[in-house]
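Summary of the model geometry
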Amino acid sequence: MSTEAIPAEKRKRNYNALFGLTLLGLLLLMWIVLAVATPSFASALNITNLLRQGSLIAILAVGQTFVIITGGIDLSVGAIVGFTTVIVALLINAGWPIWAAVLITLLVGVAIGLFHGFGIVRMGLPPFIITLATMTSLRGIGLLMTNGNSISINSDPFQAFSRGSLLGIPYLFWMVILVAIPSYVFLHHTRWGRYLFSVGSNAEAARLSGVNVPRTIYMAYVLSGLCAAFVGVLLASRIGIGNPTQGDTYELQAIASSVIGGTSLFGAIGSVHGPLIGSFILSTINNGANLLNVNTFWQRVITGALIIVIVYFDGLRRRGGK
Amino acid sequence: MTSTAQQTHPGPDLAPGGTILELRGLEKKYPGTHALKPVDLAFRAGEIHAIVGENGAGKSTLIKLLTGVMPRTSGEVIWEGKPTALATPHEAMALGINAVHQEVVLCRHLTVAANMFLGEESSRFGLLQQRAMIREAQKIIDGLGFDLPAHVVLGDLTIGQQQLIAAARATVRGTKFLIFDEPTAYLTRKEADQLFKLIRRLKGEGVTIIYISHRMEEVFELADRVSVLRDGTLVGTRDIAETSEPELVKLMINRSIEQIYHKEHFTPGAAIVETRALTGKGFENVSLSVRAGEIVGLYGLIGAGRSEFVTALYGRHRKSAGQIFWQGKEVEVNSEHDAIRLGMALAPESRRDQGLCLNLPVGLNLNLPIYKRISSNLLISGAREKTEADRQIADLRIKTPTRNALASSLSGGNQQKIVIGKWLAHGAKLFIFDEPTVGVDVGTKAEIYRLFSTLLSNGAGIILISSYLPEVYELADTLHVFRRGKLVATHGFRTASHEDILSQALAEKQEKTGGQT
């Protein structure tokens, strides 16, 4: 968003900022409560752990948001994560240099995104269907490739990356920033970002205005696939194995994070900071529930309830804001 | 039932019926606006009473009060001599007041018959009598003279046919007072004729009809009396025989008709676009050219091939034969992208479906075609994005609080200005306007026509498609008439009579062809 002092614009900007701040406030409040209520939450170990946990979903949520803004959905991101852990593990074990293995893995993510674009634009399939199909078949292909076994990655530097940190902040969280800043610029300060919104709002009007709608749709799914493959690499580094069943339900967590962060599933409404905060809210619930010895089954219930509450209030805000 | 005695008056002249519904000082205030100032008006039983006025003149408010959708602020409503509260839609329906809305509000996935009996299904032992309902519905439809099947799914019919079903539906419920709100906005001429037949027939049966329309020709064709609203005030009621279109327009907008059809003549320049024997789906062998500074009007019935022709010209559908020349050079236009790059701009017919991103800001909508230009390298220039949008809003006099207001929050006329205005900054050479003033009030129409002149003076050419003859007649420098996919006649500015043009568009009979280009 831009920064100019015209009153009405300011008011609207403040509104969005306010929602962002409300979420951020909620996140901070949860942290303060947990810091007071549990002895271990505020420890450096736990905080870095929390940041590592949240980082993966945060990156997925940003990719997912591009797709949701166009009015689509990408159910395959969890499966892409699992599949790409296998790819990167196989490549590294085959003796490829790490940079080449990572690059190829990312290209696999891009290819899967292109396939989704192809299915939607060329075959006319609904996004839900094409990504659902990829979701199940990618896991199947991964299992076929590995015979159902996990592949241990025999590269210490690769695994060391996920444990390392810079300025006391884990590398994994730096990766979130690495993804978020270009994403923010892309979404709000380039014409392709505007095109994503316009396609989500009214694809026909966008088309008649000269927007290349098919290319915009390809772009959204490629970005989502790319983010997912990147998370696959990071996850493989973190757990040291390639396993196609990894990343189970990540797609739902990514969608939930995006929606908690104010993205509209009807398209044309969304941001980058929202999903980021949303994903850390979800991670904090999990982390806090563990520390408080809450039955892990309850975590799921709490997450569900939170989605309803936040999206309900967001809807109220939007209606009231007009 | 005081009105039954007068129900049998046939004929087109004034039904001398008693008063069926009388409004005394009917008034509606919303927070901040006085939507309807006290109105005194008596509707006669069995008359067709047209109500005209600009958008925002209070027509919708009046309908909402009459159908009980909203409560009135003050005033009295006398139905058949008795004061009535008329506070809920249910109450209005119980009295026999019904409305047919501009947009079809029926269930597209159900059958015609199911729609006609929605909420009043006949059933036996809890099971629907589907066959019986289809038979009954078919009987009603046939009785009305519509050639439509009752067993098909409503969504399979055209919008116009659906509108006829909606009208038929309103007639089967003991209706005594029926309101039509712009019913012909989406109808073809043939469908409109069927609807008019239905309306006259209802009148013959003693039903009182309120007919709301922007189309003056229809008002004069149908109505017995006409009331004019302006700024929430009833400025006059006239017998149709004693008024004229100029008088009504003047009442509506306080301006004369010449001031609406703002027409400036420019010396035509070089040809911007020329088609030679262009053929495609829905049209064949169309050769015409558009020069800088001229408006080329395409008149014809809906489905005559005009929209198909321009969408092929715009690269949305492939042409199957023929050539397109752009500024003298032959070009291939294979996509909207190609067309826009050449310098064409299309303002489509349906602004909600094709023209606007409703839940995005006005500014984004206005800038959508020019983001490439206002981006330096990769990034959008925030300052230029703002100045471009603000300039458009000022130039076009778009009534919006800011460029960041959502397009959906604007009135129809102002939305239409966005649809047209977003091409101005783009600097297109050829503008294609497909029914640019459908559902737009007279004041906004005048502004849109003025905009045409601005475009022409900047050296652009315009293709104007309209099903409203006076519009193309008063504005087009060259007028082409389409019928069944063919260009059947060509006229200069006001060189043929309305009747000739109409018969060329309609009939198989005498085919008078003007000077072909």
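Residues numbered from 1 in each chain as written. Chains lettered and ligands numbered in written order. Predicted model: local features only at pLDDT ≥ 70, side-chain atom pairs only at ≥ 80, totals over all residues. Heavy atoms only, no water.

Moving on, we come to the sheet that holds strand 18 (residues 344-347) of chain B. All names here are of chain B. Strand order across the open sheet formed by six strands is 18-21-22-15-23-24, with mixed pairing between neighbours. Looking along the sheet, the strands with just one partner apiece sit at the ends: strand 18 and strand 24 (486-492). Across the sheet, the axes of successive neighbouring strands diverge by a mean angle of 20°, strand direction being ignored. Sheet analysis places strand 15 (residues 295-299) next to strand 23 (residues 478-483), joined by four bridges and oriented parallel. The residue of strand 23 that forms the bridge with Val-296 is Thr-478. Against the sheet, helix 16 (residues 442-457) engages strand 15, strand 21 (430-434) and strand 22 (461-466), with an angle of about 150° to strand 22. (Pairing = 2+ DSSP bridges. Helix = DSSP H or I, 4+ residues; strand = E, 2+ residues; numbered from the N terminus. Axes fitted to C-alpha atoms, helices over the stretch in contact; angles between N-to-C directions. Contact = heavy atoms within 4.5 Å.)

Next up on the list: the environment of Leu-60 of chain A. Residues and elements named next belong to chain A. Within the secondary structure, Leu-60 is located in helix 2 (residues 44-69). Put simply, Leu-60 and Ser-279 are 219 residues apart on the chain and 9.2 Å apart in space, counted from C-alpha to C-alpha. Setting aside anything within four residues of it in sequence, one finds Leu-60 in contact with Val-77, Val-81, Cys-227, Ala-228, Val-231, Tyr-250 and Ala-254.

Turning next to the packing of aromatic side chains. Residues and elements named next belong to chain B. Tallying each qualifying case throughout the model produces eleven aromatic pairs over all chains. Taking 6.0 Å as the distance between ring centres and 75° as the angle between the ring planes, the aromatic pair formed by Trp-79 and Phe-177 counts as edge-to-face. Note that Trp-79 is positioned in strand 4 (residues 74-79) and Phe-177 in strand 9 (residues 177-181), a separation of 98 residues in sequence. Its relative accessible area of 5% is what places Trp-79 among the buried residues. Relative accessible area serves as the criterion here: at 0%, Phe-177 is assigned to the buried category. Both rings, one in Phe-431 and one in Phe-433, keep their centres 6.0 Å apart while their planes meet at 10°; by these two values the pair is stacked. (Phe/Tyr/Trp six-rings, centres within 6.5 Å; stacked < 30°, edge-to-face > 60°. Buried < 20%, exposed > 50% of the residue type's maximum accessible area, 1.4 Å probe, protein only.)

Looking now at the pairing of strand 9 of chain B. The element strand 9 of chain B is largely enclosed, with a buried count of five among its five residues. Every second residue of strand 9 of chain B is oriented toward a common face, with Phe-177, Ile-179 and Asp-181 of chain B on one face and Leu-178 and Phe-180 of chain B on the other, all of them buried.

By a frequent convention, interface size equals the accessible area lost on bringing the separate parts together. Facing 29 residues of chain A, the contacting portion of chain B comprises 35 residues. Interface area, chain A with chain B, both sides summed: about 2600 Å², of which 56% is carbon and sulfur. For the chain A face of the interface with chain B, the top three residues by lost area are Arg-191, Arg-194 and Leu-208 of chain A, together amounting to 26%. Between chain A and chain B we count two salt bridges in total. Where chain A touches chain B, the interface holds six residue pairs in polar contact (both at pLDDT 80 or more). Looking at the side of chain A that touches chain B, the elements with two or more residues in it are helix 1 (7-37), helix 7 (171-189) and helix 8 (191-208) of chain A. Top contributing element to the side of chain A that touches chain B by residue count: helix 8 of chain A, with 13 residues. Of the residues in the side of chain A that touches chain B, the class split is eleven nonpolar, ten polar and eight charged. (Buried area = accessible area lost by both parts, 1.4 Å probe. Salt bridge = Lys/Arg side-chain N within 4 Å of Asp/Glu carboxyl O. Polar contact = N/O pair within 3.5 Å; in protein donor to acceptor, adjacent residues only side chain to side chain. Nonpolar A, V, L, I, M, F, W, Y, C, P; charged D, E, K, R; others polar.)

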